[in-house]
Amino acid sequence: MSATSAFPRRGSALGRLTRTELRLFVREKAGPAFAIGLPLALLTVFGTIPYYRRHEVGGTPLLDLYVPILCAFVLATLAFNWLPAVLAGYREKGVLRRLRTTPVGPARVLAAQLLVALATAAVAVTALLLVARLAFGVPLPRQPYGYAAALVLAALALMAIGLFVAAAAPHGRAANAVGATLFYVMMFFAGLFLPIAAMPPLLRHISRAAPLGAAAQALTDAAGGRWPHPLQLITLAGYAVAFCAGAIRLFRWE
Amino acid sequence: MPAVIEVRHLHKAYGADVAVDDVSFSVERGEIFGVLGPNGAGKTTTVECVEGLRTPDRGEIRVLGLDPRRERAELTQRLGVQLQDGRLPDRLTVGEALRLYASFYRRPADPLALADALGLSGELRTPYAALSGGRQQRLSIALALVGNPEVAVLDELTTGLDPQARRDTWDLIRQVQARGVTIVLVTHFMAEAERLCDRVAVIDGGRVVALDTPAALAERVQGGQTVRFRPSVPFADSLLTGLPEVTGLTRQGDAVAVTGTGDALAAVTAVLARHGIVAERLRLEQADLEDAFVALTGGPRSARTPDDDRGSRTGSDHESRSGPGPGPGRGSSPDPGPGPVPPPGPGREPQSDRDRVSRSVHPAPAPTPAPSPASE
């Protein structure tokens, strides 16, 4: 038994945890399929229907309007369908309880999940923008920095809400149900079913205050070449801070 | 040297439900310390307070001189834990789990060497969900050790394992002890505590009802042994009850049960031989930890299910209680065989009517309960 000798440690705990979680995420297959495959499939469907390329709302082809919405879809599915399910499942199975007896703290456990979600979102959004540009001629965002800023803030806001759901839900089934409900409501306000620009005024106002609506609007603005309205960015940042604080406060290991 | 774990007057209630009433004990460096008790006795709550997973309502706990709650970060580096119900993600492989957990610690063990030592090196790429119960348990033990802890707390180590896997796990724990790790073993299996533990704290109703070596606990219950046989010819009770080594004699049909001190068997067989009486179907029963446990906790209750008894008392499990074992630090337990005999427990009835499989030794030329050679 020579295992007692000190073993040179490779990589930080957070790095190792993130890489491990990323592998599990890929192995699970459902996560990548929903977060990367489904938005791409939707884009392909919309892109091959001529109506979406010819019909314009406020001078922009409908398909161009849908690309930011699909980016919001990526973030929403990770934040509401995947994140709460994973964490609540870990809690139910005792995975978190087991981790709790180690020197790794809750912050690193949550951070690893966030990093996996962000990395997946980055891949999915990049793929969406490239396929939209190369296959369907949708121009790349004209204000890339504004687009990136809106994406990061939106991701943080939605993930924070997802973490909050995971922390607050009494068990895995509740987390899934709440997550799925939030997903559809949020996607409605993001304009998945009806683009924000085509909504009646009252719905449009609610949309801009809803996290995913604010995200879609900010992305749409940046795609068109304008910096997102500060109010929308502040809205997103506000959601991120408030729900992150709530999630950390409510976090339970078991 | 100060104790590795010091628990003083621990009290913990969940609402009106008192889980731990008043528990005190200390664990010395290098020993295997058993926490034994029926289900719901407060064992797990006690060790969870030791691990810093729960906050005691009252009392004081020091582990390696640390406060488990306030100095948690340091404690988790030096205390390895195996949980009763902690699982891993289904698709995480053995190798990934070991490397992941190793990355949490300042001075981890080499995950590959550890896997090797625990017989897991052939399954490094096997996902957790595809492992058998025994293998999952092995991995769980490996993860408790991967941080090179000074103390390991193992909760319900062998629950759900088949007898062979259970015995393998016991061997493993002895190896871990040999590395110098202090071990706290939570269990409700008598045989496990009896085989492994240097000392045992019996907890019942949230209190420590006894704390001693397994052998000493067993002897406390019943002063010696019970000799059972069927005489080839009738004889008068007084033939045996007059012997100083004999404390009692009961008959059931033509079966005779003689209770007495540790030397009773030798004395009884000698007298019978002198009178030309053959003792047919001669059996020797000795009090064991289970007897002690039943006496101390007022009955088996839920702690011993029929399954427990089958699991721990069948087949090759039948060997007489190990005396001073080969391992380090085990020499202190008194040999239950011939030797100084403590006075019989006050008012203890000989457990003649207990319906269970008992340890038995067949009459040998010399009436010494010789342990059978290692059965593996």
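Everything numeric in this text was worked out from a predicted model, so none of it was measured. (Residues numbered from 1 in each chain as written. Chains lettered and ligands numbered in written order. Predicted model: local features only at pLDDT ≥ 70, side-chain atom pairs only at ≥ 80, totals over all residues. Heavy atoms only, no water.)

## Remarks on the overall build of chain B
A count of helices and strands for chain B gives 12 helices and 13 strands. Going through the 376 residues of chain B one by one, you find that 54% of them count as buried. Once local pairs closer than 6 in sequence are excluded, the contacts in chain B between residues at least 24 apart make up 70%. Approximately 15700 Å² of chain B is accessible, and the part contributed by carbon and sulfur atoms is 51%. (Helix = DSSP H or I, 4+ residues; strand = E, 2+ residues; numbered from the N terminus. Buried < 20%, exposed > 50% of the residue type's maximum accessible area, 1.4 Å probe, protein only. Contact = heavy atoms within 4.5 Å. Areas by Shrake-Rupley, 256 points an atom, 1.4 Å probe, with all protein chains shown as cover.)

## Re the overall build of chain A
Helix and strand content of chain A: 11 helices and 2 strands. Residue pairs at least 24 apart in sequence account for 75% of intrachain contacts in chain A once pairs closer than 6 positions are excluded. For chain A, the accessible surface area stands at approximately 11000 Å², while carbon and sulfur atoms represent 69% of it.

## Some points on helix α1 (residues 13-28) of chain A
Residues and elements named next belong to chain A. In a regular helix each residue adds 1.5 Å, so 16 residues correspond to 22 Å; α1 covers 22 Å between its end C-alpha atoms and thus fits that length. Within the sequence span of α1, burial applies to Ala13, Arg16, Leu17, Thr18, Thr20, Glu21, Leu24 and Phe25. One or two steps after α1, the chain reaches Lys29, where phi turns positive at roughly 70°. (Expected span 1.5 Å × (residues − 1).)

## Topic: the nonpolar core
By size, the foremost hydrophobic cluster in this structure holds 126 residues, and its most contacted members are A:Met187, A:Leu212, B:Phe104 and B:Leu139. Broken down by element, this core gets its largest block of residues, 21 residues, from helix α4 (residues 62-93) of chain A. Mapped onto the domain boundaries, this core takes at least three residues apiece from domain 1 (5-217) and domain 2 (223-317) of chain B. (Core = buried A, V, L, I, M, F, W, Y, C linked by side-chain atoms within 4.5 Å. Domains from an automatic or database assignment.)

## What to know about the sheet that holds strand β13 (residues 279-286) of chain B
Residues and elements named next belong to chain B. The strand order across the open sheet built from 4 strands is β11-β12-β10-β13, with neighbouring strands paired in antiparallel fashion. Both outer strands of the open sheet, β11 (246-252) and β13, are each paired with one neighbouring strand and no more. Taking each pair of neighbouring strands and ignoring which way they run, the sheet shows an average axis angle of 20°. Pairing of strand β10 (residues 225-231) with β13, which is carried by 6 bridges, proceeds in the antiparallel orientation. (Pairing = 2+ DSSP bridges. Axes fitted to C-alpha atoms, helices over the stretch in contact; angles between N-to-C directions.)

## Here we look at the interface of chain B and chain A
On the side of chain A, 30 residues touch chain B, which itself brings 41 residues to the contact. Taken together, both faces of the contact between chain B and chain A bury some 3300 Å²; the carbon and sulfur share is 58%. With a shortest N-O distance of 3.1 Å, B:Arg91 and A:Glu28 are connected by a salt bridge. One can count 9 residue pairs in polar contact (both at pLDDT 80 or more) joining chain B with chain A. Every element with two or more residues in the side of chain B that touches chain A is listed here: α2 (72-78), α3 (94-102), α4 (111-117) and α5 (133-145) of chain B. Looking at which element gives the most residues to the side of chain B that touches chain A, the answer is α3(B), with 5 residues. Along the lines of polarity and charge, the residues of the side of chain B that touches chain A split into 19 nonpolar, 9 polar and 13 charged. (Buried area = accessible area lost by both parts, 1.4 Å probe. Salt bridge = Lys/Arg side-chain N within 4 Å of Asp/Glu carboxyl O. Polar contact = N/O pair within 3.5 Å; in protein donor to acceptor, adjacent residues only side chain to side chain. Nonpolar A, V, L, I, M, F, W, Y, C, P; charged D, E, K, R; others polar.)

## Examining the confidence of the model for chain A
All names here are of chain A. This prediction gives chain A a mean pLDDT of 88; 96% of its residues lie at or above 70. For chain A, per-element mean pLDDT is lowest for strand β1 (residues 56-57), which scores 82, and highest for α1, which scores 93. Segment residues 1-6 is flagged for pLDDT under 50; beyond a separation of four residues in sequence, or across chains, it makes 17 contacts in the model. (pLDDT = per-residue confidence, 0-100.)

## A word on the packing of α1(A) against α3(B)
Running from amino to carboxyl end, α1(A) crosses α3(B) at an angle of 155°, the nearest separation of the two axes being 9 Å. Taken together, α1(A) and α3(B) sit at an angle that is classed as roughly antiparallel. The two elements α1(A) and α3(B) meet at a crossing, and its hand is left-handed. Listed contacts from α3(B) to A:Arg16, A:Leu17, A:Thr20, A:Arg23 and A:Arg27 of α1(A) are B:Glu96, B:Arg99 and B:Leu100. Among the residues making up the contact of α1(A) with α3(B), the classes are represented as 2 nonpolar, 1 polar and 5 charged. (Parallel < 35°, antiparallel > 145°, perpendicular 65-115°, else oblique. Left-handed = near helix turned anticlockwise from the far one by under 90°.)

## Concerning the environment of B:Leu83
Mapped onto the elements, B:Leu83 comes out in the loop between β5 (79-82) and α3. Take B:Leu83: its relative accessible area is 5%, and that puts it in the buried class.

## What to know about the environment of B:Gly37
Residue and element names in this part refer to chain B. By the element assignment, Gly37 lies in the loop between β3 (32-36) and α1 (43-51). Residues Gly37 and Ile203, 166 residues apart in the sequence, show an inter-C-alpha distance of 4.9 Å. Sequence-distant contacts of Gly37, that is, excluding residues within four places in its chain, are made with Lys43, Thr187, His188, Ile203 and Phe293.

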